[in-house]
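Here are the chains, one letter per residue:
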Amino acid sequence: MELTTFKDRIQEVDSRIAAACERSGRSREDVNVIAVTKYVSLETAIEAHRLGLQHLGENRWQDAQQKWEAISGSGNDSEDAEGQAVWHFIGSLQTNKVKDVIGKFTYIHSLDRISLAQAIDKRASQLAIKVPCFIQVNISGEDSKHGMPPEAVTQFAEELRQYPNLLPIGLMTMAPYDSEPEAARPVFRALRELRDQLNLAKAFDPPLTELSMGMSGDFEVAIEEGATWVRLGTILVGKEG
Ligand SMILES: *Cc1c(COP(=O)(O)O)cnc(C)c1O
């Protein structure tokens with residue numbers, strides 16, 4: 001593994017993404033990569049950002065804090081600031097951590113209950129920002145997975161309308177772990193179909209455009225099924241310790 005440089009690894013992942021886009025007739029620009037740094041050191045995270053990985057993801061504030069302070073992000077005001085990191089919160093978010101996370105992480109991928117929406121909205125309002133969020137859906141029905149059942153999203157959309165500082169932009173899911181990537185396909189397909197149904201029913205205004213799905217073991221299948229954000233840890237930045 002150490003024989004290939006970090007740069008080679010990034011290029012290798014990029015060409016696999018490009019091939020998956022090609023196979024499914026999608027445009028490469030429609031797929032964004034989040035480098036998930038939760039398994040690596042501060043030094044590796046800094047190197048990842050230096051090598052051009054702009055979008056960085058973490059799933060716990062306690063573990064992310066040091067990295068966030070070293071590679072501070074653009075927050076929610078100047079997302080396109082040249083070279084600035086854009087941080088994504090991808091883990092389940094406790095309401096009492098909202099004050100730490102909102103304003104630092106531009107995107108939240110784990111919105112799964114109304115009490116969390118309320119807390120995010122309140123904090124965003126204090127900071128005078130709007131926070132783009134993905135609604136996390138438990139497609140597979142596995143007990144161990146966070147996220148709301150698919151059939152609850154329409155009602156949730158209705159309730160979210162009272163929180164103007166929270167912008168629902170898409171859906172997020174995690175496929176059950178399986179060594180065979182194809183096993184994840186029905187889960188990813190169901191998430192895309194759910195988004196399309198919600199949009200047909202005009203559940204969200206504006207409609208949901210984004211799908212956050214696909215990790216190291218299944219990102220190519222996720223892209224073939226319509227992912228607009230893939231969250232890559234092990235395969236892209238590695239796993240240390
Ligand atoms: C850790 C994590 C990832 C990345 O996992 P890999 O399999 O290492 O790519 C993606 N999404 C979430 C929500 C995670 O917690």
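Provided above is the structure to which this section pertains.
Residues take numbers from 1 onward in each chain, read along the sequence in its written order. Where totals are concerned, whole chains, interfaces and linings use all residues; where local detail is concerned, this predicted model gives features only for residues with pLDDT of at least 70, and gives and counts side-chain atom pairs only at 80 or more. Excluded from the side-chain calculations are hydrogens and water; all other atoms, namely the structure's heavy atoms, are used.

Trainee: Hey, could you run me through the nonpolar core in this one?
Mentor: Here is a general trend for soluble globular proteins: nonpolar side chains tend to be buried in one another's company. Judged by nonpolar contacts, the single largest core of 69 residues is most densely connected at Ile108, Leu111, Ile120 and Leu236. In terms of residue count, the dominant contributor to this core is helix H1 (residues 6-23) (6 residues). Not counting residues within four places of it along the chain, the set of residues in contact with isoleucine 108 comprises Phe89, Leu93, Val101, Ile102, Ile120, Val131, Pro132, Cys133 and Phe134. Buried Ala, Val, Leu, Ile, Met, Phe, Trp, Tyr and Cys residues form a nonpolar core when they are joined through side-chain atoms within 4.5 Å. The buried label goes to any residue with under 20% of its type's maximum accessible area, the exposed label to any with over 50%, and the partly exposed label to all in between, with areas taken from a 1.4 Å probe on protein chains only. Formed by 9 residues, the second largest nonpolar core is a distinct cluster that contains Val86, Tyr107, Phe134 and Met172. Secondary structure elements follow DSSP: runs of H or I no shorter than four residues count as helices, runs of E no shorter than two count as strands, and numbering proceeds from the N terminus. The contact rule is simple, with two residues in contact once any of their heavy atoms fall within 4.5 Å.

Trainee: Would you mind going over the site of the ligand with me for this structure?
Mentor: Taken together, the residues surrounding the ligand are Lys38, Tyr39, Asn59, Ile90, Met174, Met215, Ser216, Arg231, Leu232, Gly233 and Thr234. Throughout this description, a polar contact denotes any pair of N or O atoms lying within 3.5 Å of each other; where both atoms belong to protein, one of them has to be capable of donating a hydrogen while the other can accept it, and for residues adjacent in sequence the pair is counted only when both atoms sit in side chains. One nitrogen or oxygen atom from the main chain of glycine 233 is found 2.8 Å from an oxygen atom belonging to the ligand. Protein coverage of the free-state accessible area of the ligand, which is 390 Å², stands at 92%. As a working rule, the residues Ala, Val, Leu, Ile, Met, Phe, Trp, Tyr, Cys and Pro are called nonpolar, Asp, Glu, Lys and Arg charged, and the rest polar, with Gly in that last group. Class assignment of the residues belonging to the shell around the ligand gives a composition of 5 nonpolar, 4 polar and 2 charged. If even one non-hydrogen atom of a residue comes within 4 Å of a molecule or strand, that residue is called near it. Methods summary: accessible areas were calculated by the Shrake-Rupley approach with a probe of 1.4 Å, and residue burial reflects only the protein chains presented.

Trainee: Help me out: how do you make sense of the pairing of strand S4 (residues 107-111) in this one?
Mentor: On a regular strand, one side chain projects to one face of the sheet and the next to the other, so that they alternate. Judged by how many residues are buried, S4 sits mostly within the fold: 5 of 5 residues are covered. Paired strands, in this sense, are two strands between which DSSP finds at least two bridges. Judged from the 2 bridges that link them, S4 and strand S5 (residues 131-136) form a sheet pairing that is parallel. Looking at S5, one finds that leucine 111 is bridged to isoleucine 135. With the strands pointing away from the viewer, any crossover whose connection runs clockwise from the first strand over the helix to the second is right-handed. As a crossover connection, the stretch from S4 through helix H5 (residues 114-127) into S5 is right-handed.

Trainee: Whenever I open this one, the packing of aromatic side chains confuses me. Can you help?
Mentor: For any pair of aromatic rings, the description consists of the separation of the ring centres together with the inter-plane angle of the planes. A pair of aromatic rings is counted whenever rings of Phe, Tyr or Trp (Trp by its six-membered ring) have centres within 6.5 Å, and the orientation is called stacked for planes under 30 degrees apart, edge-to-face for over 60 and tilted otherwise. A complete count under the given rule lists 5 aromatic pairs for this structure. Consider the rings of tyrosine 107 and phenylalanine 134, whose centres lie 6.5 Å apart with planes at 45°: the pair is tilted. In this pair, tyrosine 107 is assigned in strand S4 and phenylalanine 134 in strand S5, connecting sequence segments 27 residues apart. A relative accessible area of 8% places tyrosine 107 in the buried class. Ring centres 5.4 Å apart and planes at 50° place the aromatic pair tyrosine 107 and tryptophan 229 in the tilted group. Here the residue tyrosine 107 occupies a position in strand S4, and tryptophan 229 occupies one in strand S8 (residues 229-232), the gap between them amounting to 122 residues. Judged by relative accessible area, which is 5%, tryptophan 229 ranks as buried. Grouped by ring-pair contacts, the aromatic residues Trp61, Trp87, Phe89 and Phe105 constitute a single cluster. The cationic tip of lysine 104 hangs over the ring face of tryptophan 68; the distance from NZ or CZ to the ring centre is 5.6 Å. The criterion for a charge sitting over a ring is simple: Lys NZ or Arg CZ within 6 Å of the ring centre, and within 35 degrees of the ring normal. Note that lysine 239 overlies the ring of tyrosine 39, its terminal NZ or CZ placed 4.2 Å from the centroid.

Trainee: What should I look at first to understand unusual backbone geometry in this one?
Mentor: Among all residues save glycine, negative phi is the norm, and among peptide bonds the norm is trans. With an omega of 0°, the peptide bond running from aspartate 205 to proline 206 counts as cis. Tracing the backbone shows proline 206 in the loop between helix H7 (185-200) and strand S7 (210-212). Backbone geometry places alanine 128, a non-glycine residue, at a positive phi of 55°. Mapped onto the elements, alanine 128 comes out in the loop between H5 and S5. Positive phi values are uncommon outside glycine, yet lysine 202 reaches one of about 55°. When you line up the elements, lysine 202 lands in the loop between H7 and S7. Residue lysine 202 is classed as exposed on the basis of its relative accessible area, which comes to 66%.

Don't take any of this as a statement about function, it's just geometry.
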